[in-house]
Every structure is written in structure tokens, then in C-alpha cells.
Amino acid sequence: MKKRKKIGLAIGGGAAYGLSAIGVLKVLEENEIPIDIISGTSIGSVIGALYASGMKSFRLEDELFSTEWKELLDFVLPEKGLVSGKKIENYIRELVKNKTFEELEIPLYITAVDIKEGREIIFNKGDVASAVRASISIPGVFTPVRMNRMVLVDGGVMDPIPVGVLKKHCDLTIAIDFRKEIKSYNYAKAEKEESEFLKIIEHDFIETEVKYFKEYLKHGKLRVPTPFRWFLSPKYINNLITKRGTYMSQSNILGITKSSYHIMFNELANLKLQIYKPDILIKPELSRMNWLEFDKGEYAMKQGELATKEHLSKILKILKR
């Protein structure tokens, strides 16, 4: 009997864009194309861990689309990151039922980066939830994870789409690329179409940080003259930090950070894909959403389905060889 080809799926990083991976998995399931091994980074580690633990696409859809994502963002005093990440880790741990890598139904590789040594860390043993927590640690957003003398951040810092880890383990590699082309990405339009989810996140974040700072002023030695305390209102700071329509859409603090990370991420991904070229590269068209719009899951999933169907005949042809 002819041996079936072993299929590996690499799920890249991309925050809310990663929800389109559910659509990819849905089409693969409908066409009885099994996944034998998964690698993931950042949001890809989340989707990969849940799928490897036994969740099929319909359960991923039910669970992730009904999740109140803003409730999982535990903002902290921004010493090493804006978000603690403990709530998300506990959420993942509950969904995977506290499994280790060895207990998963599908072999899984999760990547992170140790910024002390400047090297990629690949998890495939031990606790799954803590590995996911390390992999999603976007620098400046999530507090880095300290583990065995390592300081771990988002795996996308070194490898935005972890295809390379699959190459020696499978015959066919499928990669999901959530990136938007830099030149075609209309920042001004994206910000005008910003969802209520993003506005809530901005407001909650700023309100929390102002609260921490006021507590510091209250109990610390630093004294601020009363007239200047007016500037510490959440409304004023929100307008100052997130104001739009001046000069260009990337002119505010958040816009500059987002744009810079986007450019770096794209260039690094292009380089890695040239080195570790996947057999199939699925690239959903996600122009109608922002990278933090987790409330647009239905749209993302649909785009994942459409992109996968474009490659379906090629995948089936390769498997029949």
C-alpha cells in the first residue's frame, strides 16, 4: 500500500488576521486533507495549539468568535509591556485542558525568541499554555515571559511564518501568510473604518494607565501642580495619543509603532519564505480589517476559506502523486 504524504501546516503571526486560519482549516477538513504536524508563532501558536488539542474548525469558530477579547487584556503599569498576559494564558490553558505537548492529538511546534541570547526557541515538549504565552509576547505590548533564565518574546521577531521547522518532518508544507502588502495598505482608510473594538481597547488602556500614574503620584514623592493635573484626564490623553487626520495617519505614537512593526515584519517574512519556501502559500485577502479587530472574525474566516479554495486543486494534485 502506498504511503500517504505527511502534511505540515505553518501558521504565521498577525494578531486578529490569524482568525482567517479557521477558514483555512475548515476547507481542508471539508476536503478530507489531514494535518499531520503544525508549527505556529504568535496568533498562529494560539490557533495551532487549540487545533492540535483536538478542536475542529467549527469549535474554533464557536469559541474564538464568541470570546470577549477585550476582557482578556490585563493592562499593567508599562514597565516591560502594556499587558500582563496572565488572563490569556489562563484562557488558553482552560481550552487545551492543561495539556502538555506530548498529550496533543497532532504534533505541535511553537516558536518564541529569547532576547537575552538573540536566538529562536522552539517548544515541542512540556506545558502548552506557557509556550503559547511566550509566543504571543509582542514586544512593547505584552510583558516578556521569563522561563529557565530566558526572556521570551513573540516568535515573529525572528520568524513570522515558521515553515523551516516543518521541512524535515513532512513531505508537503502549507503555510498561511496573514500579511498585507505595504504599498497597497491604505492606513488612512483603515483608521477611518476602525471598529468599536479598537476604540474600546484604546479607551480602556489609557484609562488604566492614567489610574496607575495617579496612584503613583498619590503615594510617591513626585508632586504635580494642581493646574497640570487636568492634563491627566483619560479623555485628554486619549485625544493626544490617538488623534487622527493630522499630517498623515502614521503621525501619532500608536500609528508610528504599528507602521514600523508592519514594515519590519513584512521584510523579514519575505526573507524567511525565500529560504524555506513552502509547497503551498495561502494568503487571505484581509484589506477590510485592522490587525487588532478581533470583532471581524466572520470576515477573516471567509477570506481564509476563499484563499484556500484557490489552492485546493494544487494540494490535491500533489497528494495524488
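Definitions and cut-offs
Residues numbered from 1 in each chain as written. Predicted model: local features only at pLDDT ≥ 70, side-chain atom pairs only at ≥ 80, totals over all residues. Heavy atoms only, no water. Buried < 20%, exposed > 50% of the residue type's maximum accessible area, 1.4 Å probe, protein only. Helix = DSSP H or I, 4+ residues; strand = E, 2+ residues; numbered from the N terminus. Pairing = 2+ DSSP bridges. Right-handed = clockwise from strand over helix to strand, strands pointing away. Salt bridge = Lys/Arg side-chain N within 4 Å of Asp/Glu carboxyl O. Arc of directions from axis to C-beta. Contact = heavy atoms within 4.5 Å. Patch = residues over 30% accessible without salt bridge, like charges linked within 9 Å, V, L, I, M, F, W, Y side chains within 5 Å. Areas by Shrake-Rupley, 256 points an atom, 1.4 Å probe, with all protein chains shown as cover. Lys, Arg positive; Asp, Glu negative; His and termini not counted. Charge placed at Lys NZ, Arg CZ, Asp CG, Glu CD. pLDDT = per-residue confidence, 0-100.

Digging into the pairing of strand S2 (residues 37-41)
Piece 1. Judged by how many residues are buried, S2 sits mostly within the fold: five of five residues are covered.
Piece 2. Side chains Ile 37, Ser 39 and Thr 41 of S2 all project onto a buried face; the interleaved residues Ile 38 and Gly 40 project onto the opposite face, where all are buried too.
Piece 3. Where strand S1 (residues 7-11) and S2 come together, four bridges link them in parallel fashion. Looking across to S2, one finds that Ile 11 is bridged to Gly 40.
Piece 4. In this fold, S1 hands off to helix H1 (residues 20-30), which returns the chain to S2; that crossover is right-handed.
Piece 5. In terms of strand pairing, S2 meets strand S3 (residues 108-114) through four bridges, oriented parallel. Its bridge partner lying in S3, Ile 38 is registered against Leu 108.

Let's talk about the pairing of strand S4 (residues 119-123)
Piece 1. The pairing of S3 with S4 spans five bridges and is antiparallel. Its bridge partner lying in S4, Val 113 is registered against Glu 120.
Piece 2. Between the end of S3 and the start of S4, which pair antiparallel, lie four residues, with Gly 118 showing a positive phi angle near 65 degrees.

Quick notes on the pattern of salt bridges
Piece 1. Summed over all chains, the structure comprises eight salt bridges.
Piece 2. The residue Glu 89 makes a salt bridge to Arg 93 at a minimum N-O spacing of 2.9 Å. Residue Glu 89 and its partner Arg 93 are both found in helix H4 (residues 86-95); the two are separated by four residues, about one turn of the helix.
Piece 3. Since its relative accessible area comes to 12%, Glu 89 is described here as buried.
Piece 4. Residues Lys 296 and Glu 293 are paired through a salt bridge, measuring 3.4 Å at the closest nitrogen-oxygen approach.
Piece 5. Its relative accessible area of 1% is what places Glu 293 among the buried residues.
Piece 6. One network of salt bridges, in which partners are shared, links Glu 89, Arg 93 and Asp 127.

Topic: helix H3 (residues 57-65)
Piece 1. Regarding H3, the residues found buried are Ser 57, Leu 60, Glu 61 and Leu 64. Looking straight down H3, one finds its buried side chains confined to an arc of 100 degrees; they lie on one side. Exposed residues on H3 whose side chains face more than 90 degrees from its buried face are Phe 58 and Asp 62.
Piece 2. Of the surrounding elements, those touching the buried residues of H3 are H1, helix H2 (43-52), H4 and helix H10 (297-320).

Concerning a positive patch on the surface
Piece 1. A grouping of Lys 80, Lys 116, Arg 146 and Arg 149 is seen on the molecular surface, where their side chains present a positively charged patch.
Piece 2. Within the element layout of this structure, Lys 80 appears in the loop between H3 and H4.

A closer look at the side chain of Lys 99
Piece 1. As for its placement among the helices and strands, Lys 99 is situated in the loop between H4 and S3.
Piece 2. Despite being buried, Lys 99 has no salt bridge partner; Glu 105 is the closest side chain of opposite charge, sitting 4.6 Å away.
Piece 3. Excluding residues that lie within four positions of it along the chain, Lys 99 makes contacts with Ser 53, Leu 104, Asp 127 and Val 128.

Section: the confidence of the model for the protein
Piece 1. Here the protein shows a mean pLDDT of 83. Residues at 70 or above account for 75%.
Piece 2. Ranking the elements of the protein by mean pLDDT puts helix H6 (residues 187-192) last, at 47, and S1 first, at 98.
Piece 3. Throughout residues 187-193 the model reports pLDDT below 50, and contacts reaching past four residues in sequence, or to other chains, amount to 12 contacts.

Quick look at the environment of Lys 26
Piece 1. By secondary structure assignment, the location of Lys 26 is in helix H1.
Piece 2. On the basis of relative accessibility, which here comes to 25%, the residue Lys 26 falls in the partly exposed class.
Piece 3. In sequence terms Lys 26 and Lys 302 are 276 residues apart; their C-alpha atoms lie 9.9 Å from each other.
Piece 4. Other than its neighbours up to four places away in sequence, Lys 26 contacts Ser 57, Met 301 and Glu 305.

Observations concerning unusual backbone geometry
Piece 1. The backbone phi angle of Ser 42 is positive, close to 55 degrees, even though this residue is not glycine.
Piece 2. Topologically, Ser 42 is positioned in the loop between S2 and H2.
Piece 3. Given a relative accessible area of 6%, Ser 42 falls into the buried group.
Piece 4. Unusually for a residue other than glycine, Arg 149 sits at a positive phi of about 70 degrees.
Piece 5. Mapped onto the elements of the fold, Arg 149 is located in the loop between strand S5 (145-147) and strand S6 (150-154).

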